[in-house]
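The chain contents come next:
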Amino acid sequence: MKRELKPDFERYMKALHCEEPDCVPQGDWHVDHRPKEAFMGRKITTLQDHVDFWHTAGYDYVTSSSGILEPVRAPEGMTTKGEAVHTEYGDKVSREWANTHEGMLTSWEKFEAYTWPSIDDFDLSKWDAFDLNLPKGMKAILLLGKIYTTAWMYMGAETFFNALEQDEELAAAIINKIGEIQYQTFLRVTEHSCVGAVLNPDDIAFNTGLLVHPKYLRKYVFPWYKKMGQVCREKGIGFIFHSDGDCTEVMEDFIDCGFHAFNPIQPNAMDIVEVKRRWGKKLCLIGNINLDSTLTLGTPNDVRAEVYERIRTIGPGGGYMVSSSNSITDYVPPENMKALIDATYEFGKYPIQLEEGGVKGKFWTSTTKVRKTETTKIETGLDVNAYVDAFLSNDLPKAIAAMQRDIDRGVSPGAVVSDGLIPAITIIGEQFQNGQIYIPEMMIAARAMSATLDHFKERLTGKGAAKKLGTVVIGTVQGDLHDIGKNLVAMILKGQGFQVEDLGVSVSTAKFVQAVKEKKPEIVAMSALLTTTMIEMKATIEALKAAGLRDRVKVIVGGAPVTPAFAAQIGADGNAYDAPGAAKLCKELLA
Ligand code: B1M
């Protein structure tokens, strides 16, 4: 469909102010390089090429990063390389990301010795060029403000989570340093007349909720957002917050920080109709076209139908822009990206008068979150709560004393583990599932339990020892570098009494097969967070079959986009939604 609308940033601003412009704007903030080239049918190399892309594709803006403090593309010395990430373009690319376990700034010494980039070295020429050359009607959206994500990437996720609970001052000092640099950069760039809005892509959540307790965000991170928000409001420029996952707990905080809009409202994490009902008068909503399924696995007609449905339900009254539920990644087929753009233009004219069911597509559903509401009552005759408290407060002497007390009462060390420690970590797991505690507490508790077990190692291997439940070989599949969830699964499995062989991230089928031959596990556990890497799970099962090993092991699969139906379809033995569920499943499979 030929687009006749001219770029008009006023349209975008109207939508940001929750008013009806002439039509629903497109709202994507990031398009990977390959889809850009496929759309343009040519190489994209210069700044002008990028501008041409955004202009030709019908956006009212170009987006561009500040380029400062971008450790998502990890600083030197702290990277994990992912080979063979699948793309839709007949090839595979390799990517590097920050290493999860340990980053560069893990102590006060390292923090104090680190030379931070200076704001004065910052090259502003890109913004000068935008000031002069942006096509009429277009503005630039500055991508800047990542503070939380930058902090954990500098420290490594696990060190960061740990520091929040154990050395809060260090975490706070690093966050503040980053906040200051981001803020100064923000002030410099927003002096340019080309800047129409600032989008802050700081992922603070995952599918079931915030990654850390909101008290930390409120104390250290949100005050910086608020400072930027004030400046944006004074200058009359837009201010947009991007975070994946379920941000329900802090939506009011976003309004308080001065954000005009929220993106991308992942369908498997938040229900956009409910979000619109609760906050739609104060926050413009941008996104929700499903990257997990429709955009990646659906047909152009599925995309068209989903855009129709969103515009029909969320568009009336204004305050909505169409975009992917994350970004346009290089595994979105080019024809689906085109369908997204065309359908926005086709259906988005105000006033919106679309009938229910006007365009039918096969809506692809992702796992919706499952939060338990009750905790299991555990009665074993031991004081399980003493272990729960000790693990959650990372109080090793207390945990050791409790275990010693139970042993002195005549309970065998093995029975203390199975009736005291394991029920305790099960209760903690349920608190995590219920959203009562967050990832740092869960990780710290799992580690405290592991340290307690280590302390009694000798007595646990002798008479009366707890039986090892079995060996699990675990890894994130090839092409996928997400490992925070996989690491949590590994920790909980260890805590529950499994021997765990962790193969790391981007694990090839050959490496899984080799590990099964060498480690002789009872279970192979595969994690994937990207829809396109899920096929590696199938490939691994096929490879195990080809090597004659499939009957020797149970295979479980998990990760945010993996569903029980997918697990069944590829011939896995089971799927678990979260880390405690994975441990339960492994036990059931070996029972
Ligand atoms: Co990325 N990312 N990311 N990311 N990222 C997601 C996963 C995404 C859902 C965001 C979105 O759509 N809005 C999306 C994937 C969409 C899809 O395809 N379905 C996405 C994308 C698109 C990308 C890139 C492609 C972005 C780009 O380049 N354009 C890129 C890909 C890199 C690569 O892997 N090749 C990318 C990169 C990154 C970072 C490097 C920046 C970082 C990862 C850092 C790291 O792991 N070392 C990152 C992050 C942090 C996320 C989000 C925000 C959070 C993931 C997380 O750590 N959650 C995520 C958004 C989201 O999840 N909604 C997103 C915390 C963790 C505890 O939860 O991993 O879900 P989770 O694990 C859970 C369960 O899933 C389960 O247990 C855990 C909890 O108990 N579980 C299992 C996990 N494995 C299991 C195995 C089991 C059983 C249960 O049995 C074996």
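Residues numbered from 1 in each chain as written. Predicted model: local features only at pLDDT ≥ 70, side-chain atom pairs only at ≥ 80, totals over all residues. Heavy atoms only, no water.

## Description of the overall build of the chain
When helices and strands are counted, the chain shows 24 helices and 16 strands. The long-range fraction of contacts in the chain, counting pairs at least 24 apart against all pairs at least 6 apart in sequence, stands at 76%. (Helix = DSSP H or I, 4+ residues; strand = E, 2+ residues; numbered from the N terminus. Contact = heavy atoms within 4.5 Å.)

## Observations regarding the pattern of salt bridges
If you walk through the whole model with that rule in mind, you get 19 salt bridges. In this structure, the salt-bridge partner of Glu542 is Lys545, at a minimum N-O distance of 3.7 Å. Placement of both Glu542 and Lys545 in helix H22 (residues 535-546) is noted, with a separation of 3 residues, approximately one turn of the helix. A salt bridge links Asp573 to Arg550; the nearest nitrogen and oxygen atoms lie 2.9 Å apart. Here the residue Asp573 occupies a position in the loop between helix H23 (564-569) and strand S16 (574-576), and Arg550 occupies one in the loop between H22 and strand S15 (554-558), the gap between them amounting to 23 residues. Residue Asp573 is classed as partly exposed on the basis of its relative accessible area, which comes to 31%. The buried category is assigned to Arg550, whose relative accessible area is 11%. Bridged by salt links that share partners, the residues Arg11, Asp22 and Asp60 form one connected network. (Salt bridge = Lys/Arg side-chain N within 4 Å of Asp/Glu carboxyl O. Buried < 20%, exposed > 50% of the residue type's maximum accessible area, 1.4 Å probe, protein only.)

## What to know about the coordination of the cobalt atom of the ligand
There is one protein donor for the cobalt atom of the ligand, and it is His482 (NE2), at 2.3 Å. Within the secondary structure, His482 is located in the loop between strand S12 (470-476) and helix H20 (484-495). (Donors = N, O, S within 2.8 Å, 3.2 Å for Na, K, Ca; no water.)

## With respect to the sheet that holds strand S14 (residues 523-527)
Each strand in a sheet pairs with another by means of backbone hydrogen bonds, the pair being arranged parallel or else antiparallel. Pairing in this open sheet of 5 strands is parallel, and the strands run S13-S12-S14-S15-S16 from one edge to the other. Taken across any chain shown, the strands that pair with only one partner, and hence form the sheet edges, are strand S13 (498-502) and S16. For this sheet the average axis-to-axis angle between neighbouring strands, irrespective of direction, equals 25 degrees. Two elements, S15 and S16, share 3 bridges in a ladder whose sense is parallel. Considered in S16, the bridge of Val557 is made with Asn575. (Pairing = 2+ DSSP bridges. Axes fitted to C-alpha atoms, helices over the stretch in contact; angles between N-to-C directions.)

## Let's talk about helix H17 (residues 413-433)
With 21 residues, H17 extends 28 Å from end C-alpha to end C-alpha; this agrees with the ideal 30 Å at 1.5 Å per step. With respect to burial, H17 is a largely interior element, 17 of its 21 residues being buried. Just past H17, the residue Gly435 takes up positive phi, approximately 80 degrees. (Expected span 1.5 Å × (residues − 1).)

## What to know about the packing of aromatic side chains
Going through the model one piece at a time under the given rule, you end up with 30 aromatic pairs. A ring pair is formed by Tyr225 and Phe241, whose centres lie 5.2 Å apart and whose planes are at 45 degrees; its orientation type is tilted. Placement of the pair is Tyr225 in helix H9 (residues 214-235) and Phe241 in strand S8 (residues 238-242), with a sequence separation of 16 residues. A single burial state applies to Tyr225 and to Phe241, both of which are buried. Plain terms: the ring middles of Phe239 and Phe259 are 4.1 Å apart, the flat faces sit at 15 degrees to each other, and that makes the pair stacked. Placement of the pair is Phe239 in strand S8 and Phe259 in the loop between helix H10 (251-257) and strand S9 (261-263), with a sequence separation of 20 residues. You can call Phe239 buried: its relative accessible area is 0%. The rings of Phe9, Tyr12, Phe39, Phe53, Trp54, Tyr59 and Tyr61 are connected pair by pair, giving a single aromatic cluster. The ring of Tyr183 carries Lys227 above its face, with NZ or CZ at 4.8 Å from the centroid. (Phe/Tyr/Trp six-rings, centres within 6.5 Å; stacked < 30°, edge-to-face > 60°. Lys NZ or Arg CZ within 6 Å of the ring centre and 35° of its normal.)

## Things to note about the pairing of S14
The element S14 is extensively covered by neighbouring structure, given that 5 of its 5 residues are classed as buried. Because side chains alternate across S14, one face comprises the buried residues Ile523, Ala525 and Ser527, and the other comprises Val524 and Met526, equally buried. Bridge count for S14 against S15 is 5 bridges, and the pairing is parallel. Across the sheet, the residue bridging to Ala525 is Ile556, located in S15. The handedness of the S14 to S15 crossover, carried by H22, is right-handed. (Right-handed = clockwise from strand over helix to strand, strands pointing away.)

## Concerning the nonpolar core
Tyr12, Tyr148, Phe160, Ile204, Phe254 and Phe391 are the most contacted members of the largest nonpolar core, which totals 174 residues. Broken down by element, this core gets its largest block of residues, 11 residues, from helix H8 (residues 168-189). Counting 25 residues, the second largest nonpolar core, distinct from the first, contains Phe512, Ala515, Met537 and Ala567. (Core = buried A, V, L, I, M, F, W, Y, C linked by side-chain atoms within 4.5 Å.)

## Overview of the pairing of S13
Alignment of S12 against S13, held across 5 bridges, turns out to be parallel. In the strand pairing of S13, Val472 is matched with Val500.

## Considering the sheet that holds S9
Across the sheet, which stays open at both edges, the 7 strands sit in the order S1-S4-S5-S8-S9-S10-S11 with parallel pairing between neighbours. Each having just a single partner strand, strand S1 (61-65) and strand S11 (320-321) make up the two edges of the open sheet. In the sheet, strand S5 (residues 195-201) pairs with S8 via 5 bridges, with the strands oriented parallel. Bridge pairing in S8 links Asn200 to Phe241. The strands that helix H5 (residues 125-133) touches are S1, strand S4 (139-143) and S5; relative to S1, the one it contacts most, it runs at about 170 degrees.

## Remarks on helix H14 (residues 334-347)
Given 3.6 residues per turn, any residue in an α-helix points the same way as the ones three and four places further on. For H14, which comprises 14 residues, the first-to-last C-alpha distance of 20 Å matches the rise-based estimate of 20 Å (1.5 Å per residue) to within 8%. Along H14, the positions that sit buried rather than exposed are Asn336, Met337, Ala339, Leu340, Ile341, Ala343, Thr344, Tyr345 and Phe347. Residues of H14 that are buried make contact with helix H2 (33-40), helix H3 (47-56), helix H12 (294-297) and helix H13 (300-314).

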